[in-house]
Amino acid sequence: MAGDRSGERFVLAVDSGGAGIRAVAFARDGAIVAREYCPTPATHPEEGASEHDPLMLWEALLGVVRRLFDRGPVRPESVAALGIANQRASFCLWERASGRPVSSVVGWQDIRSAATTDAMNRDPRWRIVKAGAAIGRALTRDAFLTAASMLSFTTDHASCRLKWLLDRDPGLKARCRSGEILFGTLDSWFIYNLTGRKLHLTDPSNASGTSLYDPFGLRWNALFFKLFDLPLELMPEVRDTDGDFGATDPALFGAAIPIRAAVGDQMAALFGQCCFEAGEVKISQGSGAFVDVNVGPRGKTSPRGLFPLVAWVRGGRPRYMLEGYVATAGTLIDWLGGGLGLADTAAALNEYASGCTDTDGVIFLPTPMGIRFPHFNPRVRGSVLGLSLTTRRAHVARAVFEGIALSILDILDGMAEDVRTPITVIKTDGGVSRSDILLQCLADFANVLVVRSPEADMTASGAAYLAGLSVGFWKSEEELKAFGRGYDTFTPGMDARKRIEKVTRWRRAVKAVLALHREPGGRR
């Protein structure tokens, strides 16, 4: 990766994902000159749980950055700026005075707050708010009122998981009210520690993922804090995505490195894929499969339940996106290997799936931790349908990829309607996107061109690009677009009749599994 780089300056990115944390250094020509990685798998101590140890993540961050510096060619003093990307909506709590964590990192995949979420959606106060917002929407067409009138809380929202956490520990809730405790998504936790416990900060992309932030007014939503009975004093200050987040404590790495970007992982990947214009779409297939579309400088709402989020704010100017996702992609493949012994990597699963050209009627629903858009039922579990005595491992492997692709198709169809712009190309990245079969299935079912970046994870690229632009290391978005990519392409090739048949059978299967997981009395 690195030749003679003496005397050069670099931009460093730290990317904390669901399965690991990496440090990646970029040269001025966009080339990656050094990288280090440490696995940080989630733990699942009880049904529905997905957690990390905050101190383990912090030690992992220190480890990858220090190893990168030790191995060269990048030195701490040669880093022009640091950008941080992180799994959005995962959070932890820690003591203001000591910095000691008082909770695990509660992951975005954690569904233990399902009962809390249901209660919040049934809360008469929330129903009154939604009704009032609907009236206001009809009169004003205000974007925030429109979003509020259509919003249903889910376990994905940090607000629900935070309320669940504090409701079961009244002592911790009292400490939060007294100002002793701080809340943070992982960017906040890392910035707090990197700056020597001096700064408690986040950016709008991370804040908007909590559902406690008004993405249109760009401020914490005081109404939601009252509704969820949460103290506003917990929350970090929000700065622009490419803002000044302080500098690293010199004692950590031997130099004070300016921190000039903090961004949620999917927003970072959208930026890293250079999806700067409205209507551009990327899919990052890591622990989950996240589908994001840039909707431009004005936030849009989605009647189908796609999440309106702040993609980034640069120089005070916001950019918005809509997002839908399949909660388990890489996580599912990890489980298929460790839990069932089928295949523990996308490449291995791809090899098995290549042993057949069809699933022989097998349908796989990739929903072991609930189904998201457009059904939003956290109680649904993964299912395999259509097994027969002729079914082989290859059929099941291919059905897994088809299930992920068809779940993504449901999201893409909703996006095309909401954005009212046809999707003509899909950019992909992430470890799971290394599967040629998955991407060909996606191209066939969506009937659009799919392209895959040569770099498996564009999240680090996006964090680096934002930090580099902030300090003038790179001058413009056009300069970033000029970097060579070398994308692989996957062209639709499925017969229209077969595509319709596949999609129809898939949606019937989803309907049947949803019926199986209804609550007593008919509620989902």
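This text follows the structure it describes.
Described below are features of the structure shown in this document. Keep in mind that this is a model prediction, so the values were computed, not measured.

**What to know about the pattern of salt bridges**
Close approach of charged atoms allows side chains with opposite charge to pair. All told, the structure shown has 33 salt bridges when counted by the stated rule. The partner of E95 in a salt bridge is R175, and the shortest N-O contact between them spans 3.0 Å. Placement of E95 in strand β6 (residues 91–95) and of R175 in helix α6 (residues 170–177) is noted, with a sequence separation of 80 residues between them. Under the relative-accessibility criterion, R175 is labelled partly exposed at 24%. The residue R379 makes a salt bridge to D118 at a minimum N-O spacing of 2.4 Å. On the criterion of sequence distance, the pair formed by R379 in the loop between β18 (363–365) and β19 (383–385) and D118 in helix α2 (residues 114–122) is long-range, its members being 261 residues apart. Ionic contacts of the salt-bridge type, sharing partners, join the residues K163, D167, K173, R177 and D229 into one network.

**Notes on empty space enclosed by the protein**
Applying the stated criterion across every chain, the model contains three cavities of 30 Å³ or more. Put simply, the largest cavity is a space of about 140 Å³. Lining the largest cavity are 18 residues, with T367, I371, R372, F373 and S407 sitting closest to its centre. Counting only elements with at least two residues in the lining of the largest cavity, the list comes to β17 (317–326), α14 (393–419) and α18 (496–516). A per-element tally of the lining of the largest cavity places α14 first, with three residues.

**Structural notes on the sheet that holds strand β13 (residues 259–264)**
If you walk across this open sheet you meet the five strands as β3-β2-β1-β5-β13, and the pairing is mixed. Each edge of the sheet is formed by a strand with only one pairing partner; in this case those strands are β3 (32–39) and β13. Across the sheet, the axes of successive neighbouring strands diverge by a mean angle of 15°, strand direction being ignored. Bridge analysis of strand β2 (residues 20–26) against β3 gives seven bridges, and the strand direction is antiparallel. In the sheet register, A23 faces β3, and the bridge partner there is E36.

**Section: the packing of aromatic side chains**
For the structure on display, the rule yields 21 aromatic pairs. Seen in terms of ring centroids, F69 and F253 are 5.9 Å apart; in terms of plane orientation they differ by 75°. Their pairing is edge-to-face. Of the two residues, F69 is situated in helix α1 (residues 54–71) and F253 in helix α10 (residues 250–253); the sequence distance between them amounts to 184 residues. Using a relative accessible area of 12% as the deciding quantity, one classes F253 as buried. Seen in terms of ring centroids, W94 and Y192 are 5.3 Å apart; in terms of plane orientation they differ by 45°. Their pairing is tilted. Separated by 98 residues along the polypeptide, W94 in strand β6 and Y192 in helix α7 (residues 186–194) bring together distant segments of the chain. On the accessibility criterion, W94 (0% relative accessible area) is buried. One aromatic cluster is present, formed by F26, Y465, F473, W474 and F483 through successive ring pairs. The ring of F473 carries the charged tip of R28 above its face, separated from the ring centre by 4.2 Å.

Conventions used here
Residues numbered from 1 in each chain as written. Predicted model: local features only at pLDDT ≥ 70, side-chain atom pairs only at ≥ 80, totals over all residues. Heavy atoms only, no water. Salt bridge = Lys/Arg side-chain N within 4 Å of Asp/Glu carboxyl O. Helix = DSSP H or I, 4+ residues; strand = E, 2+ residues; numbered from the N terminus. Buried < 20%, exposed > 50% of the residue type's maximum accessible area, 1.4 Å probe, protein only. 1 Å grid on protein atoms, 1.4 Å probe; cavity = no way out; pocket = protein on both sides within 12 Å on 5 of 7 lines; lining within 4 Å. Points joined across faces, edges and corners; volume = space filled by probe spheres on them. Pairing = 2+ DSSP bridges. Axes fitted to C-alpha atoms, helices over the stretch in contact; angles between N-to-C directions. Phe/Tyr/Trp six-rings, centres within 6.5 Å; stacked < 30°, edge-to-face > 60°. Lys NZ or Arg CZ within 6 Å of the ring centre and 35° of its normal.

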